[in-house]
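Observations on chain architecture
Spelled out, the chains give:
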Amino acid sequence: MNSTPTTKSDPKKSIAVEFTPDEALALTGVEFNANHEIKASAKRKIRAAFEKTFDFAIEQR
């Protein structure tokens, strides 16, 4: 388990993520049965923005 601890210097620091309307709806619970990639794409954007903003590493499996 090699991971870097999250930096907690500013707990109120915010991140900004730009979503398509469908991605935003998918994150609220609306299901797009024909395309599950919409929600996955939105989650990847959130994770990427978080990784860019805060100092942490994904735990290697």
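To keep things clear, this report deals only with the structure shown in the data block. (Residues numbered from 1 in each chain as written. Predicted model: local features only at pLDDT ≥ 70, side-chain atom pairs only at ≥ 80, totals over all residues. Heavy atoms only, no water.)

**Focus: the pattern of salt bridges**
- All told, the structure shown has three salt bridges when counted by the stated rule.
- The partner of Glu51 in a salt bridge is Arg47, with the nearest N and O atoms 3.4 Å apart. In this pair, Glu51 and Arg47 both sit in helix 2 (residues 37-53), four residues apart, roughly one turn of the helix.
- In this structure Arg47 comes out as partly exposed when scored by relative accessible area, which is 41%. (Salt bridge = Lys/Arg side-chain N within 4 Å of Asp/Glu carboxyl O. Helix = DSSP H or I, 4+ residues; strand = E, 2+ residues; numbered from the N terminus. Buried < 20%, exposed > 50% of the residue type's maximum accessible area, 1.4 Å probe, protein only.)

**Regarding the side chain of Ser41**
- Residue position: Ser41 is located in helix 2.
- A polar atom in the side chain of Ser41 sits 2.7 Å from the side chain of Glu23. (Polar contact = N/O pair within 3.5 Å; in protein donor to acceptor, adjacent residues only side chain to side chain.)

**A word on the packing of aromatic side chains**
- Summed over the entire model, instances satisfying the criterion amount to one aromatic pair.
- With a centroid separation of 4.7 Å and 35 degrees between ring planes, the pair formed by Phe50 and Phe54 is classed as tilted.
- Since its relative accessible area comes to 31%, Phe50 is described here as partly exposed. (Phe/Tyr/Trp six-rings, centres within 6.5 Å; stacked < 30°, edge-to-face > 60°.)

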